[in-house]
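Each chain is listed here by its residues.
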Amino acid sequence: AARSATNVTSFARSRLGPTESTLVLTYASFSYRTTLMNWMLSLERVGVRSFGVICLDQELRTFLETRGIPCYLVDADEIRSTSKSAPPAKGAGKRRRSSRATGSGTA
């Protein structure tokens, strides 16, 4: 199913089972493969089975596919078009100051 995905959304939908409502997605390039593998093992240890990887390069895609790990290769044009059409995240651009940063907290 992941192999037939035509975009990130269809890849994400292909990773969800009929009773699942949450999916964990991340993105990485081949140079982060060791960190990525540790992350995936950690997810499995705590029982998270619905996850997927958005590959930023062909090397990572090949690496993951040979291990049977669901992934989707995204190209730069798709990233640009998605980021232009997506609404800003809730609270984007707002910065909160912690009491520690402002000195208004109590010790």
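Preceding block: the structure.
Residues numbered from 1 in each chain as written. Predicted model: local features only at pLDDT ≥ 70, side-chain atom pairs only at ≥ 80, totals over all residues. Heavy atoms only, no water.

Draft legend 1. Structural context of the sheet that holds strand β1 (residues 24-28). One open sheet holds the three strands; their spatial order is β1-β2-β3, and the pairing between them is parallel. Of all strands in the sheet, those bounded by a partner on one side alone are β1 and β3 (71-73). Averaged over all adjacent pairs, the angle separating strand axes in this sheet is 25 degrees, with direction ignored. In terms of strand pairing, strand β2 (residues 51-55) meets β3 through three bridges, oriented parallel. Each bridged residue has a counterpart across the sheet, and for Ile54 the counterpart in β3 is Tyr72. In the packing of helix α1 (residues 8-15) onto the sheet, the strands contacted are β1, β2 and β3, and the crossing angle to β2 comes to about 155 degrees. Its contacts with the sheet put helix α2 (residues 33-45) on β1 and β2, and the angle it makes with β2 is roughly 165 degrees. (Pairing = 2+ DSSP bridges. Helix = DSSP H or I, 4+ residues; strand = E, 2+ residues; numbered from the N terminus. Axes fitted to C-alpha atoms, helices over the stretch in contact; angles between N-to-C directions. Contact = heavy atoms within 4.5 Å.)

Draft legend 2. Molecular detail of the packing of α2 against helix α3 (residues 58-65). Two elements in contact, α2 and α3, have axes whose closest approach is 12 Å; the angle formed by their N-to-C orientations is 40 degrees. Viewed along their axes, α2 and α3 adopt a mutual orientation that is oblique. Pair α2 / α3 crosses with right-handed handedness. Contact residues: Arg33, Leu36, Met37 and Met40 in α2; Leu60, Phe63 and Leu64 in α3. By residue class, the composition of the contact of α2 with α3 is six nonpolar, no polar and one charged. (Parallel < 35°, antiparallel > 145°, perpendicular 65-115°, else oblique. Left-handed = near helix turned anticlockwise from the far one by under 90°. Nonpolar A, V, L, I, M, F, W, Y, C, P; charged D, E, K, R; others polar.)

Draft legend 3. Quick look at the pairing of β2. The buried count for β2 comes to five of five residues, which makes it a mostly enclosed element. Note: β1 against β2, five bridges, orientation parallel. Looking across to β2, one finds that Thr26 is bridged to Val53. The handedness of the β1 to β2 crossover, carried by α2, is right-handed. Handedness of the crossover joining β2 and β3 through α3: right-handed. (Buried < 20%, exposed > 50% of the residue type's maximum accessible area, 1.4 Å probe, protein only. Right-handed = clockwise from strand over helix to strand, strands pointing away.)

Draft legend 4. Seen up close, the side chain of Asp57. If you trace the backbone, Asp57 turns up in the loop between β2 and α3. Despite its burial, Asp57 pairs with no opposite charge; the closest candidate is Arg33, at 8.3 Å N-O. Those residues in contact with Asp57 that lie beyond four places of it in its chain are Ser29, Phe30 and Leu73. (Lys, Arg positive; Asp, Glu negative; His and termini not counted. Salt bridge = Lys/Arg side-chain N within 4 Å of Asp/Glu carboxyl O.)

Read these as geometric descriptors, not functional statements.
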